[in-house]
Amino acid sequence: MEFLFIDLLGKPVWMWLTFVVVVLVLLALDLGVLHKDSREIGIKESFALSAFYIALGLAFGGWIWYQSGEQAGLEYLTGFVVEKSLAMDNIFVIAMIFGYFSIPRAYQHRVLLWGILGVIVLRGIMIAAGAAIVENYSWVLYLFAAFLIITGIKMLLTADQEYDVASNPVLKFLRKKLPVTDSLRNEKFLVRETDPATGKLKTFITPLFLALVMVELADVIFAVDSIPAIFAITTDPYIVYTSNIFAILGLRALYFALSALIHRFAYLKYALSVVLIFIGSKIFLADMLGLAKIPPVVSLTVTIGILAAGILGSLWATRNAKPEAEAEAKH
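Residues numbered from 1 in each chain as written. Predicted model: local features only at pLDDT ≥ 70, side-chain atom pairs only at ≥ 80, totals over all residues. Heavy atoms only, no water.

A few words on the overall build of the chain. Within the chain, the regular secondary structure consists of twelve helices and four strands. For 331 residues, the compact-globule estimate of 2.2 N^0.38 gives 20 Å, and the chain sits close to it at 21 Å. Taken over the C-alpha atoms alone, the chain extends approximately 70 × 55 × 35 Å along its principal axes. Counting all 331 residues of the chain, 47% fall into the buried class. Counting only contacts in the chain whose residues sit at least 6 apart along the sequence, the fraction spanning at least 24 positions is 79%. When the 26 positive and 26 negative side-chain charges of the chain are each reduced to one mean point, those points stand 7 Å apart. (Helix = DSSP H or I, 4+ residues; strand = E, 2+ residues; numbered from the N terminus. Rg over C-alpha atoms; globule rule 2.2 N^0.38 Å. Buried < 20%, exposed > 50% of the residue type's maximum accessible area, 1.4 Å probe, protein only. Contact = heavy atoms within 4.5 Å. Lys, Arg positive; Asp, Glu negative; His and termini not counted. Charge placed at Lys NZ, Arg CZ, Asp CG, Glu CD.)

With that settled, the discussion passes to the nonpolar core. Inside soluble globular proteins, nonpolar side chains tend to come together where they are buried. By size, the foremost hydrophobic cluster in this structure holds 90 residues, and its most contacted members are Ile97, Phe98, Phe101, Phe231 and Leu249. Ranked by residues supplied to this core, first place goes to helix H3 (residues 70-101) with 18 residues. Residue contacts for Phe101: discarding those within four places in its chain leaves Val165, Leu171, Arg175, Pro207, Leu210, Ala211 and Met214. (Core = buried A, V, L, I, M, F, W, Y, C linked by side-chain atoms within 4.5 Å.)

Moving on: the packing of helix H6 (residues 169-177) against helix H7 (residues 207-233). Running from amino to carboxyl end, H6 crosses H7 at an angle of 150°, the nearest separation of the two axes being 10 Å. Taken together, the axes of H6 and H7 lie roughly antiparallel to each other. Pair H6 / H7 crosses with right-handed handedness. Contacts between H6 and H7 involve Val170, Leu171, Leu174 and Arg175 from the former and Leu210, Val213, Met214 and Leu217 from the latter. (Axes fitted to C-alpha atoms, helices over the stretch in contact; angles between N-to-C directions. Parallel < 35°, antiparallel > 145°, perpendicular 65-115°, else oblique. Left-handed = near helix turned anticlockwise from the far one by under 90°.)

Take unusual backbone geometry next. Positive phi, normally seen in glycine, also occurs at Ser102, with a value near 55°. Examined against the element boundaries, Ser102 turns out to sit in the loop between H3 and helix H4 (105-136). One non-glycine residue, Asn186, lies in positive phi territory at about 55°. With respect to the helices and strands, the residue Asn186 is situated in the loop between H6 and strand E3 (190-194).

Attention now moves to the packing of H3 against helix H11 (residues 296-317). Two elements in contact, H3 and H11, have axes separated by 9 Å at closest approach and are oriented at 25°. With respect to their mutual orientation, H3 and H11 come out roughly parallel. Pair H3 / H11 crosses with left-handed handedness. Contacts between H3 and H11 involve Gln71, Leu74, Glu75, Leu77, Thr78, Val81, Val82 and Ser85 from the former and Pro296, Val297, Ser299, Leu300, Thr303, Ile304 and Leu307 from the latter.

Let's shift gears to the pairing of E3. Where E3 and strand E4 (residues 201-205) come together, five bridges link them in antiparallel fashion. Note that in E4 the partner of Val191 across the bridge is Phe204. Between E3 and E4, which pair antiparallel one after the other, the connecting turn spans six residues, and Gly199 there sits at a positive phi close to 80°. (Pairing = 2+ DSSP bridges.)

Moving on, we come to the packing of aromatic side chains. Tallied over the full model, the rule gives 18 aromatic pairs. Plain terms: the ring middles of Phe52 and Tyr53 are 5.5 Å apart, the flat faces sit at 65° to each other, and that makes the pair edge-to-face. For Tyr53, a relative accessible area of 6% puts it in the buried group. An angle of 65° between the planes, with centres 6.2 Å apart, marks the rings of Tyr137 and Trp139 as edge-to-face. For Tyr137, a relative accessible area of 46% puts it in the partly exposed group. An aromatic cluster is present here, built from Trp14, Trp16, Phe19, Phe60, Trp63, Tyr76, Phe80, Tyr238, Tyr241 and Phe246 joined pairwise through their rings. (Phe/Tyr/Trp six-rings, centres within 6.5 Å; stacked < 30°, edge-to-face > 60°.)

Before going further, it helps to examine a nonpolar patch on the surface. A cluster of nonpolar side chains, namely Ile133, Tyr137, Trp139, Tyr142, Leu143 and Phe284, defines an oily patch on the protein surface of about 600 Å² accessible area. Note on placement: Leu143 falls in helix H5 (residues 140-157). (Patch = residues over 30% accessible without salt bridge, like charges linked within 9 Å, V, L, I, M, F, W, Y side chains within 5 Å. Areas by Shrake-Rupley, 256 points an atom, 1.4 Å probe, with all protein chains shown as cover. Salt bridge = Lys/Arg side-chain N within 4 Å of Asp/Glu carboxyl O.)

The end-to-end C-alpha distance of H3 is 46 Å, a good match for the 46 Å that 32 residues give at a rise of 1.5 Å each. For H3, a buried count of 27 out of 32 residues is recorded, marking the element as mostly surrounded by other parts of the structure. Of the residues flanking the end of H3, it is Ser102, one or two places downstream, whose phi is positive at about 55°. (Expected span 1.5 Å × (residues − 1).)

Attention now moves to the pattern of salt bridges. One pass over the structure, following the stated rule, counts seven salt bridges. The salt bridge partner of Arg123 is Asp219, with a shortest N-O separation of 3.0 Å. Of this pair, Arg123 sits in helix H4 while Asp219 sits in helix H7, and the two are 96 residues apart along the sequence. Exposure remark for Arg123: the relative accessible area of 4% places this residue in the buried category. Each of Glu83, Arg123 and Asp219 takes part in salt bridges that share partners, so that together they form one network.

Along the chain, the position of Leu112 falls in helix H4. Among the residues examined, Leu112 registers a relative accessible area of 3% and is labelled buried. Put simply, Leu112 and Glu216 are 104 residues apart on the chain and 9.2 Å apart in space, counted from C-alpha to C-alpha. Contacts of Leu112, omitting those with residues within four sequence positions, involve Ile94, Phe98, Arg252, Tyr255 and Phe256.

Put into structure tokens, the structure is as follows:
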């Protein structure tokens with residue numbers, strides 16, 4: 001059993017295995033027990049599942065704190081909060097994608113399921129590549145920091161603009177190059193049907209497949225922001241990956257909980273913009289102050305404060321919002 005204590009990317013193998021086992025158990029529970037059949041997930045169930053995943057993510061952070069010390073624990077919690085918050089922004093885009101393709105809530109779970117599995121693999125590849133680059137070229141952290149500041153400013157200036165699904169070049173390319181059915185075929189991504197032009201059987205993709213591609217593409221775009229953000233907090237690959245995955249695991253439940261309440265988070269994007277600017281700026285600020293890095297407790301406190309202000313301000317400003325907005329967000 002000596003191999004369990006071999007160092008792998010800064011942590012013993014047994015810590016990586018513990019994380020993998022936890023994730024596999026969660027996926028098996030979610031996919032094989034709770035949601036093995038396509039159905040509409042109610043808001044009450046979604047909030048309960050979201051609370052469960054958040055509690056589990058925080059508990060894992062407590063375990064990291066116990067195993068690796070206070071700084072590692074605080075860095076994980078900061079990364080978890082930032083990644084969870086960015087995931088909320090991703091929910092806005094996903095809701096627009098489902099609305100554009102008129103995907104019923106009963107089928108949205110299937111798209112999000114495959115989307116999450118793709119995210120786990122994609123983030124793993126991106127984080128491994130990022131860790132290797134940072135380890136060999138530490139100056140890249142300053143590029144990440146500058147990128148976050150620029151992204152935050154850009155997001156701040158365009159926070160009131162909606163994501164335009166129809167103009168996406170990938171969607172245009174797929175529709176131009178691949179045969180697409182004119183409507184959904186239940187929960188199928190691919191179908192074999194008669195081609196009206198030739199009278200022969202042909203494989204078609206469905207709007208549900210297009211929605212899946214757009215959801216995966218949206219995560220790639222958001223990963224470009226979130227990966228530099230977490231590396232600006234910590235360069236420990238274990239903390240980077242675990243905080244990312246635990247933040248993403250509950251994304252489906254969080255989506256169904258918040259998709260009908262999107263209009264209530266009017267200022268969230270502004271808050272996220274400021275968080276990105278802060279995360280990027282603190283690397284340069286630490287150099288100016290002669291510090292190795294801004295203390296993790298300061299980063300965590302400021303991040304939570306900014307997000308809390310954005311969420312509470314949004315809820316207060318939209319306290320008299322019309323229920324029609326909620327109904328519209330469900331479709």
